[in-house]
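Each chain, letter by letter, is given below.
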Amino acid sequence: MLPDALVAALVQAVLAVTALPVAPVEPAAAPVAVQPSTDGTQPAPATGPGSVPPAWLGTRVLPEDPATGYGEVRPTPPVMRERRWTLPDDVRMLPGSGFASRVVSPAPAHVVRRSTWKPGCPVAASDLAWLRLAFWGFDGRRHTGELLVHASVAADVVQVFRALYRVRFPQEQVGIVRSYDPDAPSTGDGNGTGAFVCRPSTGATYFSQHAYGLALDLNSFQNPYAKGEVVLPELASSYLDRRRVRSGMVTADGPVVRAFARIGWEWGGAWRWSKDYMHFSQNGR
């Protein structure tokens, strides 16, 4: 049993504490909207128009244009005129809080099986390297993507992604292209960053530099291909106005072109007879 005097003292102490005024809880500060920069590098806000993919993304098939053989070019839907959402990563997050990369060369067989490689491609499967890379999403967060490239350029591509990470250039998704079917119907709304694809050059019969793992397409919707009546992706025509720079766009005097120039790669946006704003390659083709 405690002495009565000690019990009384404890009661008085408890009463004194409970009588203290409670400071009001401050409401959480509203997130500050990050404004896109004028060179397209700054990740856009994670809320607002264009930040959430529409439910119909990838499901609405376009009729074929008989003159081009591609999907019918249509005006860019309003939700995509400032496209700035980020799709889920296909690979596990690399550890750390800054830029990180992992290179496995040759690429593991189970990774090659997820790609478009097959016998008859102009590069051996053993010549491909598997890259996992950190990048910034349009949501202003760190993400991890994967690429297949020719082993001879793996270190150079890592150097480029390190530079893009440093300037916070946003990308929707970085992944391995898993299928190629030139006769498949088009939805015209695809986007992403990819490298190896065993396919011919657009509008040609010879192999693309992508089929060698020596080319990379970056944010294909914000940086479309255009030649004559052809626009790819077919809903990306709003982004043919390169004077109106939006987040994720590659600009002639911007950090993306400079990063690729440092490794000796050229930009398709500088081509004369067509414009391939998404495309970078080692030999300029």
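Just so we're clear, the structure is a prediction, and the values are computed from it rather than from any experiment.

**Notes on the overall build of the protein**
On a plain count of helices and strands, the protein comes out with 4 helices and 9 strands. Ordered by position from the N terminus, the helices and strands of the protein form the series α-β-α-β-β-α-β-β-β-α-β-β-β. Look at the contacts in the protein between residues 6 or more apart in sequence, and 66% of them connect residues 24 or more apart. When the accessible surface of the protein is summed, it comes to about 14,900 Å², and 58% of that surface belongs to carbon and sulfur atoms.

**A closer look at the pattern of salt bridges**
The full count for this structure, using the stated rule, is 6 salt bridges. Measuring nitrogen to oxygen at the nearest pair gives 2.8 Å for the salt bridge that ties arginine 74 to glutamate 72. Residue arginine 83 pairs with glutamate 172 through a salt bridge whose shortest N-O separation is 2.9 Å. Remark: glutamate 172 occurs in the loop between helix 3 (154-166) and strand 4 (215-217) and arginine 83 occurs in the loop between helix 1 (4-18) and strand 1 (101-104); sequence separation between them is 89 residues. In this pair, the class of arginine 83 matches that of glutamate 172, namely buried. Ionic contacts of the salt-bridge type, sharing partners, join the residues Arg114, Glu146 and Arg178 into one network.

**A word on the nonpolar core**
Core analysis: the largest hydrophobic core is formed by 30 residues, its most contacted members being Leu131, Leu147, Val157, Leu216 and Phe260. Among the elements that take part in this core, helix 3 stands out by supplying 7 residues, more than any other. Residues contacting leucine 131, with those up to four places away along its chain left out, are Arg102, Val103, Gly145, Glu146, Leu147, Val149, Ala154, Val157 and Val158. Ranked by size, the runner-up nonpolar core spans 11 residues in total, among them Ala107, Val111, Trp130 and Leu148.

**Here we look at the confidence of the model for the protein**
Averaged over all residues, the pLDDT of the protein equals 87, while 83% of them reach at least 70. Scored below 50 in pLDDT, residues 5-38 makes 13 contacts in the model with residues more than four places away or belonging to other chains.

What counts and what doesn't
- Residues numbered from 1 in each chain as written.
- Predicted model: local features only at pLDDT ≥ 70, side-chain atom pairs only at ≥ 80, totals over all residues.
- Heavy atoms only, no water.
- Helix = DSSP H or I, 4+ residues; strand = E, 2+ residues; numbered from the N terminus.
- Contact = heavy atoms within 4.5 Å.
- Areas by Shrake-Rupley, 256 points an atom, 1.4 Å probe, with all protein chains shown as cover.
- Salt bridge = Lys/Arg side-chain N within 4 Å of Asp/Glu carboxyl O.
- Buried < 20%, exposed > 50% of the residue type's maximum accessible area, 1.4 Å probe, protein only.
- Core = buried A, V, L, I, M, F, W, Y, C linked by side-chain atoms within 4.5 Å.
- pLDDT = per-residue confidence, 0-100.

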